[in-house]
Amino acid sequence: MYLLKYADGVITFPEALNVSITGIVVVMLILALLAVLVLLLSKAIRAVEGAAKKKAPKEEAVEAVPTATGVALPDGQSAGKLDLVNVDDKTAAVIMAIVSNESGIPLNRLQFNSIKKIEE
């Protein structure tokens, strides 16, 4: 049984099968090689990033703002009373969260005395 004719003769089914299997094996080997190269490249990049982080100057720690007692409170506790003037609880919570986020100081280290809405 002949599949193809070429310049030197014809390709039989076993020869065609041999060529296709060889092609598939070559493609799989190249894909495996590429996968290994990607893994090595990602490890090299992580190592360079890690070295850069170690060499970078460390950020100064944000000093805690003491509460009225002079001690930062544990999580979930508040210090004293908060006076809200023309502000609802949800808005006050958002304002406190924004202040904490922008200053980089945790909420348990901040003490808010009052929040007042200013009309323009």
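Residues numbered from 1 in each chain as written. Predicted model: local features only at pLDDT ≥ 70, side-chain atom pairs only at ≥ 80, totals over all residues. Heavy atoms only, no water.

A.B. asks: Explain the overall build of the chain to me, and be specific about the residues and the numbers.
C.D. replies: Scanning the chain for helices and strands turns up 2 helices and 4 strands. The helix and strand sequence of the chain, counted from the amino end, reads β-β-α-β-α-β. Expressed as a percentage of its 120 residues, the buried residues of the chain come to 9%. Long-range pairs, those at least 24 residues apart, make up 56% of the contacts in the chain between residues at least 6 apart in sequence. (Helix = DSSP H or I, 4+ residues; strand = E, 2+ residues; numbered from the N terminus. Buried < 20%, exposed > 50% of the residue type's maximum accessible area, 1.4 Å probe, protein only. Contact = heavy atoms within 4.5 Å.)

A.B. asks: How would you explain the confidence of the model for the chain if you had to name every residue and give the values?
C.D. replies: Confidence in the prediction of the chain, expressed as mean pLDDT, is 80, and 72% of residues score 70 or more. Confidence, read as mean pLDDT per element, is least for strand β1 (residues 2-6) in the chain (62) and greatest for helix α1 (residues 13-55) (93). (pLDDT = per-residue confidence, 0-100.)

A.B. asks: Before we move on, can you summarise a nonpolar patch on the surface with the specific residues and values?
C.D. replies: Together, Ile24, Val26, Val27, Met28, Ile30, Leu31, Leu33, Leu34, Val36, Leu37 and Leu40 line one region of the surface with nonpolar side chains, adding up to about 1,000 Å² of accessible area. Topologically, Leu37 is positioned in helix α1. (Patch = residues over 30% accessible without salt bridge, like charges linked within 9 Å, V, L, I, M, F, W, Y side chains within 5 Å. Areas by Shrake-Rupley, 256 points an atom, 1.4 Å probe, with all protein chains shown as cover. Salt bridge = Lys/Arg side-chain N within 4 Å of Asp/Glu carboxyl O.)

A.B. asks: Break down unusual backbone geometry for me, with residues and values.
C.D. replies: Phi is positive for Asn86, which is not a glycine, with a value near 60°. You can see Asn86 is positioned in the loop between β3 (83-85) and α2 (89-103).

A.B. asks: Can you break down α2 residue by residue, with the values?
C.D. replies: Given a rise of 1.5 Å per residue, 15 residues ought to cover 21 Å, and the 21 Å separating the end C-alpha atoms of α2 matches this to within 8%. Looking only at α2, the buried set comprises Ala92, Met96 and Ser100. All buried residues of α2 project into a common sector of 70° when viewed along the axis, lining one side. What points out from α2, more than 90 degrees from its buried face, is the exposed set Lys90, Asn101 and Glu102. On its buried side, α2 packs onto β3 and β4 (114-116). Two residues or fewer after α2 comes Gly104, characterised by a positive phi angle close to 80°. (Expected span 1.5 Å × (residues − 1). Arc of directions from axis to C-beta.)

A.B. asks: Quick one: what's the story with the nonpolar core, residue by residue and with numbers?
C.D. replies: With 7 residues, the main nonpolar core is built from Val87, Ala92, Met96, Ile105, Leu110, Phe112 and Ile115. Discounting chain neighbours no more than four positions away, the residues touching Met96 are Leu82, Leu107, Phe112 and Ile115. (Core = buried A, V, L, I, M, F, W, Y, C linked by side-chain atoms within 4.5 Å.)

A.B. asks: So, the pattern of salt bridges: which residues are in play, and what are the values?
C.D. replies: Here the structure, examined in full by the defined rule, presents 1 salt bridge. Two residues, Glu119 and Lys117, come together in a salt bridge whose shortest N-O distance is 3.9 Å.

A.B. asks: For the environment of Asn113, give the residues involved together with the corresponding values.
C.D. replies: Mapped onto the fold, Asn113 is located in the loop between α2 and β4. On the basis of relative accessible area, Asn113 is assigned to the exposed category, the value being 52%. When residues no more than four places from it in sequence are discounted, the contact partners of Asn113 are Lys81, Leu82 and Asp83.

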